[in-house]
Structures are given as structure tokens and as C-alpha cells.
Amino acid sequence: MFSPIKLTFLNRRKATALLAQQISELPEILEQLGVPQFRPTLVLVGGASRMSASDLQNLRRLFREAIVPAIQALNAVVVDGGTDAGVMKMMGQTYAELEATFPLVGVAVANLTLLPGTEPFSPEATPLESNHTHFILVPGSNWGDDSPWIADIATFVAAESPSLTILINGGEITYDDAAHSLLHERPILVVAGSGRTADQFAAALRGEEADQRAMEMVKSGKIRALNLMDDLTKFSSEIKKALVS
């Protein structure tokens, strides 16, 4: 039996967290948290660094008008890094703005996470995003140690249902996130035009020179790209097509 940690954030939103030590504990942890299984599952990876003001505005619009409404319509589950930064923060904010109700599960390294009302374990500690509904705090000492956990948790949640990874912007860790998704045979939708790692994958898909890791991974045939400036109905359609059995 695991002891849930009840969290109350400054915005008065509440969430439940559990500490995990081994992948084998995941079925019991998900049951204890009340995270449903056999649901279509979206994995969100990447960041939002070095984006222009106009690109950030377009990205917020993508969340508000395509990603979150599509997940809500499908009664799916979202799994991401759970911290108050980048695309995880954008997902949480949009979730709250649209009064979404699907499970929003954050997975973060326990020793690098700042829980509300507590002292940080590390100077690198980052607050959790306050609109997520559940958190699984995992072992590790570096950002990126959560990458395999995110992939595994999404697979446990989806079970026999389909899953999809959306990759936006991102840095070095995002290559690992993508690799772990592919290990689980999970297709990846890249948001081209969002910068950095996402644009390396987009370039590789076009047959252009790109980061060698991206060039190798696109050979899987499981990576597609849509442009941040594309009609948002394309994103909605792509998400729904990938997540409907």
C-alpha cells in the first residue's frame, strides 16, 4: 500500500501524488491514484525555450483550440513532465482555462521537484504545475531520469488503447523522450516551426541535414510532422485519428 501525498496549491487546486521506486509498482500506483486505464493516452514532451512572442502565442492557440479540446472530446489521459515550465505549464493553464476534466498526470524526478508548502530538496528544484490532477514522483538525480518513466506510465495507462506522443520545441532531453516513445512503438507527432529539437526532426523528415539522432529516429516511420502555422483542424484530426481505436 502506498501513502498518497495530498497537495494544495496557491490557486487552491488540489492534486494527489505518490512516490515510485520501481516500474513494477506502476499498476498499484495507478490504482491508488485513481488514474483510469484502458483510455487513449497522449504523451506531451518538449519545451518552449527560445520561441518568439508570436510563436508562443500560436502555441497557446494550438493548446486552446486543438490539443486540449481533442483530448477532452476523446475522454483521454495526458501524461507529461508535470513541472511549472514550458509546454507542461501551457497544458496545465489551458486545462484550467477550458475547465477540462480529463486526468492530467505529471511525472517528475522527486529530488528535483518542489512540492507546495515544502522546502526544496535541491537548488535545481522546480515547482509542480498546479492544474495537474495527479503526480507520480520518480527516483533520479537529473532531469531526464523521468523520461523512461513517462513512457512506461503512458503505456500502462493506455493498456490496449492507442497512444500518441506530441513533441514541441525541446532540448537534449527531448531526444531521449522521443527514443523512449519509439521503444514503446508509440507514434510521434512533431510540431514543426516550434524550434530546436522539433525542428531537427522536421528537417530530418524532409530529408535535410539534421541532428544525427533525429535522422536515425525518423527511419522508424512512426514520426510525422505538422507545422505550427498549419490549420488547427489538421492537428485536431491527427490527434483524434491516432487516438481512436
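As a reminder, the structure under discussion sits directly above these lines.
Everything numeric in this text was worked out from a predicted model, so none of it was measured. (Residues numbered from 1 in each chain as written. Predicted model: local features only at pLDDT ≥ 70, side-chain atom pairs only at ≥ 80, totals over all residues. Heavy atoms only, no water.)

**Student:** So, the packing of aromatic side chains: which residues are in play, and what are the values?
**Tutor:** The final tally for this structure, using the stated rule, is 3 aromatic pairs. With centroids separated by 4.9 Å and ring planes inclined at 85°, the aromatic side chains of tyrosine 95 and phenylalanine 102 adopt a geometry described as edge-to-face. Across this residue pair, the class does not change: tyrosine 95 and phenylalanine 102 are buried. Between tyrosine 175 and phenylalanine 201, the ring centres sit 5.8 Å apart and the planes meet at 35°, which makes this aromatic pair tilted. Highlighted residues: tyrosine 175 in helix 5 (residues 172-183) and phenylalanine 201 in helix 6 (residues 196-205), separated in sequence by 26 residues. (Phe/Tyr/Trp six-rings, centres within 6.5 Å; stacked < 30°, edge-to-face > 60°. Buried < 20%, exposed > 50% of the residue type's maximum accessible area, 1.4 Å probe, protein only. Helix = DSSP H or I, 4+ residues; strand = E, 2+ residues; numbered from the N terminus.)

**Student:** Any chance you could break down the layout of surface pockets for me, citing the residues and the numbers?
**Tutor:** Its volume calculated, the largest pocket comes out at about 450 Å³. In this structure, the largest pocket is lined by 25 residues; those nearest its centre are Gly46, Gly47, Thr83, Met88 and Ile173. Where the lining of the largest pocket is concerned, the elements lending two or more residues are strand 3 (41-46), helix 3 (86-97), helix 4 (147-158) and helix 5. When residues in the lining of the largest pocket are grouped by element, the largest group, 4 residues, is from helix 5. Among the residues forming the lining of the largest pocket, the class breakdown is 8 nonpolar, 12 polar and 5 charged. (1 Å grid on protein atoms, 1.4 Å probe; cavity = no way out; pocket = protein on both sides within 12 Å on 5 of 7 lines; lining within 4 Å. Points joined across faces, edges and corners; volume = space filled by probe spheres on them. Nonpolar A, V, L, I, M, F, W, Y, C, P; charged D, E, K, R; others polar.)

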